[in-house]
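Here's the letter readout for the chains.
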Amino acid sequence: MKKTCSFALVHMAVAFTVGFVMTGDLLVGSALALVEPACNTVAYYFHEKWWGGAAVA
């Protein structure tokens, strides 16, 4: 879970930076920093659970 939380923080920083640089708007950067990484972090958590339990040939 620590890895997932760390990933979420880095992802939010990147999302904010990209959104802000592309638009120059703090609100857009902030919205992107919260919405997109939150959705992606949940997907990443389940992906890691699946990947760790999957039988790899």
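Attention here is on the structure that accompanies the text. Just so we're clear, the structure is a prediction, and the values are computed from it rather than from any experiment.

**Description of the pattern of salt bridges**
Per the stated rule, a full pass over the model turns up one salt bridge. Note that Glu 48 is salt-bridged to Lys 3, the shortest N-O span being 3.6 Å. Within this pair, whereas Glu 48 is found in helix 2 (residues 26-53), its partner Lys 3 is found in helix 1 (residues 2-23), the two being separated by 45 residues in sequence. Judged by its relative accessible area of 30%, Glu 48 falls in the partly exposed class. Exposure remark for Lys 3: the relative accessible area of 54% places this residue in the exposed category.

**Looking at a nonpolar patch on the surface**
Judged by side-chain polarity, Met 1, Val 42, Tyr 45 and Phe 46 come together as a nonpolar surface patch covering roughly 440 Å² of accessible area. Among the structural elements, Phe 46 can be located in helix 2.

**Description of the environment of Asn 40**
By the element assignment, Asn 40 lies in helix 2. Measuring from C-alpha to C-alpha, the distance between Asn 40 and His 11 comes to 8.8 Å, with 29 residues separating the pair along the chain.

**Digging into the state of the cysteines**
Here the structure, examined in full by the defined rule, presents zero disulfides. Note on Cys 5: no disulfide assigned, nearest cysteine sulfur contributed by Cys 39 at a separation of 16 Å.

**Considerations on helix 1**
Between its first and last C-alpha atoms helix 1 spans 32 Å; for 22 residues at 1.5 Å apiece the expected length is 32 Å, and the two agree. Within the span of helix 1, buried status applies to Thr 4, Ala 8, His 11, Ala 15 and Gly 19. Summarising the axial view, the buried residues of helix 1 lie within an arc of 75°, below the 170-degree limit, and thus occupy one face. Those residues of helix 1 that are exposed and aimed more than 90 degrees away from the buried face are Lys 2, Lys 3, Leu 9, Val 10 and Val 21. Taken together, the buried residues of helix 1 touch helix 2. In the stretch just after helix 1, Gly 24 is the one whose phi turns positive, near 70°.

Parameters and conventions
- Residues numbered from 1 in each chain as written.
- Predicted model: local features only at pLDDT ≥ 70, side-chain atom pairs only at ≥ 80, totals over all residues.
- Heavy atoms only, no water.
- Salt bridge = Lys/Arg side-chain N within 4 Å of Asp/Glu carboxyl O.
- Helix = DSSP H or I, 4+ residues; strand = E, 2+ residues; numbered from the N terminus.
- Buried < 20%, exposed > 50% of the residue type's maximum accessible area, 1.4 Å probe, protein only.
- Patch = residues over 30% accessible without salt bridge, like charges linked within 9 Å, V, L, I, M, F, W, Y side chains within 5 Å.
- Areas by Shrake-Rupley, 256 points an atom, 1.4 Å probe, with all protein chains shown as cover.
- Disulfide = S-S within 2.5 Å.
- Expected span 1.5 Å × (residues − 1).
- Arc of directions from axis to C-beta.
- Contact = heavy atoms within 4.5 Å.

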